[in-house]
Protein chains: 2
Amino acid sequence: MNGADFTLDPRLAADTALVADWALSRVLLMDDARFPWLILVPRRAGLVELDDLGSLEQAQLLDEINRAMALLREVAPCDKLNVGALGNSVRQLHVHVVARRESDAAWSGPVWGSGAAMRYEASTREALVGQFRGRSW
Amino acid sequence: MNGADFTLDPRLAADTALVADWALSRVLLMDDARFPWLILVPRRAGLVELDDLGSLEQAQLLDEINRAMALLREVAPCDKLNVGALGNSVRQLHVHVVARRESDAAWSGPVWGSGAAMRYEASTREALVGQFRGRSW
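A short tour of the structure in this document, coming up. Everything numeric here is computed off the predicted structure, so don't read it as measured data. (Residues numbered from 1 in each chain as written. Chains lettered and ligands numbered in written order. Predicted model: local features only at pLDDT ≥ 70, side-chain atom pairs only at ≥ 80, totals over all residues. Heavy atoms only, no water.)

Quick notes on the packing of aromatic side chains
Following the criterion strictly, the structure yields three aromatic pairs over all chains and no others. Residues F35 of chain A and W37 of chain A carry aromatic rings whose centres are separated by 6.1 Å and whose planes lie at 65 degrees to one another, so their mutual orientation is edge-to-face. The pair formed by F35 of chain A and W37 of chain A is uniform in burial state, with each residue classed as buried. Centre to centre, the rings of W112 of chain A and W112 of chain B are 5.8 Å apart; their planes meet at 45 degrees, and the pair counts as tilted. (Phe/Tyr/Trp six-rings, centres within 6.5 Å; stacked < 30°, edge-to-face > 60°. Buried < 20%, exposed > 50% of the residue type's maximum accessible area, 1.4 Å probe, protein only.)

Here it is as structure tokens:
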């Protein structure tokens, strides 16, 4: 598998902090302190829809979604996890995995379209990224 | 695999029409004429999160998501597909697969939380369910 032609969409880059590169996906933390929120971006050029991935890479993405769910549960206890691949604004294939609390700013609605992001303080963001990296086996 | 203890959540039942039972999932058409929208509900009791499914059944669900995406493309040409497992209101595990158009009522936002459903005329709904069933190999 070769991700040499992969370039992260600049809008995704602007809204996130890098956590790690897993086998298939770049793992990003959404820079929105309202919701513990990871984004997985398969490092392949030209992907838009989930089924643009071949079946082996789809299975790998599924495995990484499971890992992201487990990581979020450890770092940010939650009432529900939301998983979604929308791509209406940014077409590059990416999967949101979001830890939701019944007390959060958008509950029980979706996080997408729920108003402006509230960026983390830099030190808080770095600490959180460190927590994810420390558990990102 | 035994789905004998499975019961569809009554809120999902009230908002949808039955398309078919696939190997794992009950396939439902959301009764909202604004968006061509299928919902897959794995027929297992007690599931809430994606990773409540074992790995074999997760792979089966992924296969059925692919099938739902292909079906929607055939029946309702679209600009983007949205796939999501949220469950904030209805906890029973279910996956939304929605055909989006750049001219639709919620574009570029998500369909969830986008206002009241506009129910199909009964004859339109039956015709659409028939189209999905005819292609539901």
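Examining the interface of chain A and chain B
The interface of chain A with chain B comprises 29 residues on the first partner and 29 residues on the second. Across the interface of chain A and chain B, roughly 2,500 Å² is buried in total on both sides, 47% from carbon and sulfur atoms. Its largest share of buried area at the contact with chain B, chain A owes to E49, K80 and N88 of chain A, together 23% of the area lost on that side. Inspection of the chain A/chain B interface yields six salt bridges. Residue R91 of chain B is joined to E102 of chain A by a salt bridge in which the shortest nitrogen-to-oxygen separation is 2.8 Å. Here chain A and chain B share 24 residue pairs in polar contact (both at pLDDT 80 or more) between them. Elements with a contribution of two residues or more to the side of chain A that touches chain B: α2 (55–75) and β4 (80–85) of chain A. (Contact = heavy atoms within 4.5 Å. Buried area = accessible area lost by both parts, 1.4 Å probe. Salt bridge = Lys/Arg side-chain N within 4 Å of Asp/Glu carboxyl O. Polar contact = N/O pair within 3.5 Å; in protein donor to acceptor, adjacent residues only side chain to side chain. Helix = DSSP H or I, 4+ residues; strand = E, 2+ residues; numbered from the N terminus.)

So, the side chain of R100 of chain A
One can find R100 of chain A in strand β5 (residues 95–100). A residue is classified by how much of its surface remains accessible, and R100 of chain A, at 0% relative accessible area, is buried. A distance of 2.9 Å separates a polar atom in the side chain of R100 of chain A from a polar atom in the side chain of N82 of chain A. Contacts of R100 of chain A, omitting those with residues within four sequence positions, involve F35, C78, D79, K80, N82, A106, W107, G109, P110 and V111 of chain A together with N88 of chain B.

Considering the packing of α2 of chain A against helix α3 (residues 122–134) of chain A
Residues and elements named next belong to chain A. Put simply, α2 and α3 touch, their axes get as near as 10 Å, and they point 125 degrees apart. By the angle class used here, α2 and α3 are oblique. Crossing handedness for the pair α2 and α3: right-handed. Facing L71, L72 and V75 of α2, the residues of α3 in contact are L128, Q131 and F132. A class-by-class count of the residues in the contact of α2 with α3 yields five nonpolar, one polar and no charged. (Axes fitted to C-alpha atoms, helices over the stretch in contact; angles between N-to-C directions. Parallel < 35°, antiparallel > 145°, perpendicular 65-115°, else oblique. Left-handed = near helix turned anticlockwise from the far one by under 90°. Nonpolar A, V, L, I, M, F, W, Y, C, P; charged D, E, K, R; others polar.)

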